[in-house]
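Single-letter residue listing:
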Amino acid sequence: MSRRPVSRTMLLSLFAALITLILTGPLSGLVLNGYDFTTRFAAPLQIAAMVLILRFIAGLLPASWLAPKQKHEVEPRAPRFKTYQLVLGGLVLYLALASLVLFASKYWLAVGIMALIYVLLGLGLNVVVGFAGLLDLGFVGFYAVGAYGYALGHQYLGLGFWAAIPLAALLAGMFGMILGFPVLRMHGDYLAIVTLGFGEIIRLVLNNWMAFTGGPNGVDAPAPTFFGWEFKANVTQGGVPFHEVWGLEYSSGMLDAFIFLVLLAVVGLTLYAVSRLRGMPIGRAWEALREDEIACRSLGLNHVWTKLSAFAMGASIGGVAGVFFAASQGFVSPISFSFFESALVLAIVVLGGLGSVYGVILAALFLTLMPEVLREFADYRILIFGFAMVLIMIWRPRGIIQQRRPFFKRAGS
Amino acid sequence: MKKDEAILDLKNISVAYGQTKVLHGVSLHVMPGEIVTLIGSNGAGKTTLLKSLFATPSPYSGEIFFGGEDITVLPTHMVSRRGLSLVPEGRRIFPAMSVSENLAMGLVACTDKSHAGPTLKTIYELFPRLYERRDQRAGTLSGGEQQMLAIGRSMMAKPKLLLLDEPSLGLAPLIVKTIFTTLKQIAADGTTIFIVEQNANQALKLADRAYVLSNGAISLTGSGTELLSNEDVKKAYLGGH
């Protein structure tokens, strides 16, 4: 791919704008008025400006989108996007989604947070089930580890929200490895049953270890803070209230808005990391392991480490989701971590298309937003929800967005 | 490594799956630069012998030396990292991955990947078909192309010794010929090759030396041409012509 400097793009855009001016200027700038005409400068300039901007944006797109593909010699593919393009695109997308905070009610913010949590869970389980092909029915266990890690970490060690995120990721990752060891030799159905048991064990321990976890009574989770700002009406953690610092009227939606914004950023980073993993040796190793374990081992791949890393990576994403769950609910109890949650997350991954990152996001949004949208149908909403799932699986048996290999070209191109 | 020292040396190995004994005291060796073949009928223990090199399962008695080092109980992935690369029986390519990704998988065990570019080029030169189809799903390749891919994938690690398990399995005679010609070329470029084959005719024509495995023991050994003209071999493995 040839390099296309920004200055050259700018020049080209100016040129395009000039041509537009010449071509459309007389058409849009001259208004016939009887046998006379009057000139109007605003319209042609607006059109030219639009062309200028669009041409500039098009210039920033990677050359491969616009120009025919060059024939490649034997060499690694150039990345599709340059770093600054990714950063810019990510930032724009983030700001666009973040601006939802300004319009959404507290109710929709809470729904949005749950949707994003499920996106995160889906992305995590997708690493294990979609990439590595290890059917995990106990994923909720890692979610619980993250949530309780935050709540109990605060209760016993005084950990805050920001410390809890990486620690919960580590802790859940460790649990992932612990689960990974005994199931290394298992495949398919057997693996599913053992992981199912693992998820239940975690829930039962949380439920019955009264002295440590508070059992079915649950644990309070603190509200997150941001550099000492608290998003509550009254400070409880020795900070200053956010609304007083900024001279705003207190609203109970502020906390949700804050969690939404942080969660959105975390989802974005996870999405980037997970989609990059696909093209990296470790991601390729996971997929190869899914396809043929014997071939992998004959190539010298350490299947133990590869499997464990998939479990750990998926689990730590689940753990982070747990922290956000605890933070947004303000309270965790074992009831939230039933097998149904595992099934729902698995449904997200399968519905979205095994291994397809974007499909998982769509499915997560669909499966969490749909029951809310359908609330008006009251008694029938779960029924409609179920039907919708069945229909999707009939129409698109391999998921909403089927997995696309990152390095395939379309045939004939 | 000295030139006169065997690159692979199996010393009296016996292998069993649980209680079922498959190999009974097999000894064989491969010298650097040689093409050696092991022929034998179904169930003679050919594949088991290859598996035992990779400790799946390890022999219960006897020793395996590779490049002078005892690898008898080394874990599977460590064996490959020593420079022993297996083209598994039935090819076992990764069907959902592209051809080039399959080849990249051959590099997973290499800590030093600096040879990747030139090696890839060599492989594409050996198998131009793979280059044409480098972005195609490997599962859509024909049987012969898949075998080429499996060989190429194993070559990516620049192995000292290339092991092939039944490379002719399920392939048309003409394709088999092409593949064996390429193997000859690979050997000429300096890679030692050990082929386990049922297609004795082709394998013996190619090989410098050959072993015959029957009922879990070596029954005959000699140069490829010697065995080709051997009456017993003719009767048992070459269809008596």
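Residues numbered from 1 in each chain as written. Chains lettered and ligands numbered in written order. Predicted model: local features only at pLDDT ≥ 70, side-chain atom pairs only at ≥ 80, totals over all residues. Heavy atoms only, no water.

Undergrad: Please clarify how the packing of aromatic side chains should be interpreted in this entry.
TA: Within a pair of aromatic rings, the relevant descriptors are the distance that separates the centres and the angle that separates the planes. Under the definition given, this model contains 18 aromatic pairs over all chains. Relative to A:Phe212, the ring of A:Trp209 has its centre 4.8 Å away and its plane inclined at 35°; by these criteria the two rings are tilted. Taking the relative accessible area as the measure of exposure, A:Phe212 reaches 33% and is therefore partly exposed. Between the NZ or CZ atom of B:Arg153 and the centre of the ring of B:Phe94, over which it lies, the distance is 4.9 Å. (Phe/Tyr/Trp six-rings, centres within 6.5 Å; stacked < 30°, edge-to-face > 60°. Buried < 20%, exposed > 50% of the residue type's maximum accessible area, 1.4 Å probe, protein only. Lys NZ or Arg CZ within 6 Å of the ring centre and 35° of its normal.)

Undergrad: Could you clarify how one ought to interpret the pairing of strand β4 (residues 61-66) of chain B in this entry?
TA: Each regular strand displays side chains that alternate between the two surfaces of the sheet. All names here are of chain B. Here strand β1 (residues 8-17) runs beside β4; their pairing, made up of 5 bridges, is antiparallel. By the bridge assignment for β4, Leu10 is matched with Ile64. Where β4 meets strand β5 (residues 69-70), 2 bridges bridge the pair, whose relative direction is antiparallel. Across the sheet, Phe65 pairs through a bridge with Asp70, a residue of β5. Where β4 folds back on β5, the antiparallel hairpin that results is connected by 2 residues, among which Gly67 adopts a positive phi of roughly 55°. (Pairing = 2+ DSSP bridges. Helix = DSSP H or I, 4+ residues; strand = E, 2+ residues; numbered from the N terminus.)

Undergrad: Sorry, what's going on with the pattern of salt bridges here?
TA: If charged atoms from side chains of opposite charge come close, those side chains can pair. Residues and elements named next belong to chain B. Inspection of the entire model under this criterion finds 12 salt bridges over all chains. A salt bridge links Glu69 to Arg82; the shortest N-O distance between them is 2.9 Å. Taken together, the residues Glu69 in strand β5 and Arg82 in the loop between α2 (76-81) and β6 (84-87) connect sequence positions 13 residues apart. (Salt bridge = Lys/Arg side-chain N within 4 Å of Asp/Glu carboxyl O.)

Undergrad: Mind showing me how you'd approach the domain arrangement of chain A here?
TA: Parsing chain A into structural domains produces domain 1 (6-33 + 40-61) and domain 2 (85-395). Just the C-alpha atoms count here: the centres of domain 1 of chain A and domain 2 of chain A sit 47 Å apart. (Domains from an automatic or database assignment.)

Undergrad: Which parts of the structure should I look at to understand the packing of helix α8 (residues 161-180) of chain A against helix α15 (residues 303-329) of chain A?
TA: In a packed pair of helices, the relevant descriptors are the angle between the two axes and the axis-to-axis distance. Residues and elements named next belong to chain A. For the pair α8 and α15, the least separation of the axes is 6 Å and the interaxial angle reads 140°. On the basis of their axis angle, the class for α8 and α15 is oblique. Relative to α15, the crossing made by α8 is right-handed. Listed contacts from α15 to Phe161, Ala164, Ile165, Ala168, Ala169, Ala172, Gly173, Gly176, Met177, Leu179 and Gly180 of α8 are Trp305, Leu308, Phe311, Ala312, Ala315, Ser316, Gly319, Val320, Val323, Phe324 and Ala327. Of the residues belonging to the contact of α8 with α15, the class tally is 17 nonpolar, 5 polar and no charged. (Axes fitted to C-alpha atoms, helices over the stretch in contact; angles between N-to-C directions. Parallel < 35°, antiparallel > 145°, perpendicular 65-115°, else oblique. Left-handed = near helix turned anticlockwise from the far one by under 90°. Contact = heavy atoms within 4.5 Å. Nonpolar A, V, L, I, M, F, W, Y, C, P; charged D, E, K, R; others polar.)

Undergrad: What is the right way to read the environment of A:Met370 from this model?
TA: All names here are of chain A. Inspection of the secondary structure puts Met370 in helix α17 (residues 357-373). Judged by its relative accessible area of 16%, Met370 falls in the buried class. A sequence separation of 351 residues divides Met370 from Ile19, and the C-alpha atoms of the two residues are 48 Å apart. Apart from residues no more than four positions distant in its own chain, Met370 is found in contact with Leu365, Ile384, Phe385 and Ala388.

Undergrad: Honestly, the packing of helix α6 (residues 143-155) of chain B against helix α7 (residues 173-188) of chain B in this entry has me stumped. Any pointers?
TA: Residue and element names in this part refer to chain B. Running from N to C, α6 and α7 cross one another at 15°; their axes reach a closest spacing of 10 Å. When the interaxial angle is binned, α6 and α7 end up roughly parallel. In this structure, α6 crosses over α7, and the sense of that crossing is right-handed. From α6, Gly144, Gln147, Met148, Ile151 and Met155 reach across to α7, where they touch Ile175, Ile179, Leu183 and Ile186. Considering only residue class, the contact of α6 with α7 consists of 7 nonpolar, 2 polar and no charged.

Undergrad: Looking at this structure, I do not really get the interface of chain B and chain A. What am I missing?
TA: A common way to report how large an interface is uses the accessible area buried once the components associate. With 29 residues of chain B in contact, the opposing surface of chain A contributes 23 residues. Surface buried jointly by chain B and chain A totals about 2,500 Å² across both partners, of which 59% is contributed by carbon and sulfur atoms. For the chain B face of the interface with chain A, the top three residues by lost area are B:Arg92, B:Glu101 and B:Asp135, together amounting to 23%. At the junction of chain B with chain A, the criterion picks out 1 salt bridge. B:Arg92 serves as the salt-bridge partner of A:Asp292, at 3.0 Å between the closest nitrogen and oxygen. The interface formed by chain B and chain A includes 6 residue pairs in polar contact (both at pLDDT 80 or more). (Buried area = accessible area lost by both parts, 1.4 Å probe. Polar contact = N/O pair within 3.5 Å; in protein donor to acceptor, adjacent residues only side chain to side chain.)

Undergrad: Honestly, the domain arrangement of chain B in this entry has me stumped. Any pointers?
TA: Residues and elements named next belong to chain B. When its domains are assigned, chain B resolves into domain 1 (1-83 + 159-241) and domain 2 (93-157). Here domain 1 and domain 2 have C-alpha centroids that lie 23 Å from each other. Facing 14 residues of domain 1, the contacting portion of domain 2 comprises 11 residues. Both sides together, the interface formed by domain 1 and domain 2 hides about 1,100 Å², and carbon and sulfur atoms give 79% of it. Counting the surface domain 1 buries against domain 2, the share from its top three residues, Pro159, Ile179 and Ile186, is 34%. At the junction of domain 1 and domain 2, the tally comes to 0 salt bridges. For the pair domain 1 and domain 2, the interface holds 0 residue pairs in polar contact (both at pLDDT 80 or more). The set of elements that each furnish at least two residues to the side of domain 1 that touches domain 2 consists of β7 (161-165) and α7. Residue contributions to the side of domain 1 that touches domain 2 peak at 6 residues, all from α7. Partitioned by chemical class, the residues of the side of domain 1 that touches domain 2 number 9 nonpolar, 3 polar and 2 charged.

Undergrad: So what exactly am I meant to see when it comes to the sheet that holds strand β5 (residues 229-230) of chain A here?
TA: To summarise the sheet geometry, strands pair through backbone hydrogen bonds and adopt either a parallel or an antiparallel arrangement. All names here are of chain A. Strand order in the open sheet formed by 3 strands is β4-β5-β6, with mixed pairing between adjacent strands. Because the sheet does not close on itself, it has two edges, and the strands there are β4 (225-226) and β6 (240-241). Two elements, β4 and β5, share 2 bridges in a ladder whose sense is antiparallel. In the sheet register, Thr225 faces β5, and the bridge partner there is Glu230.

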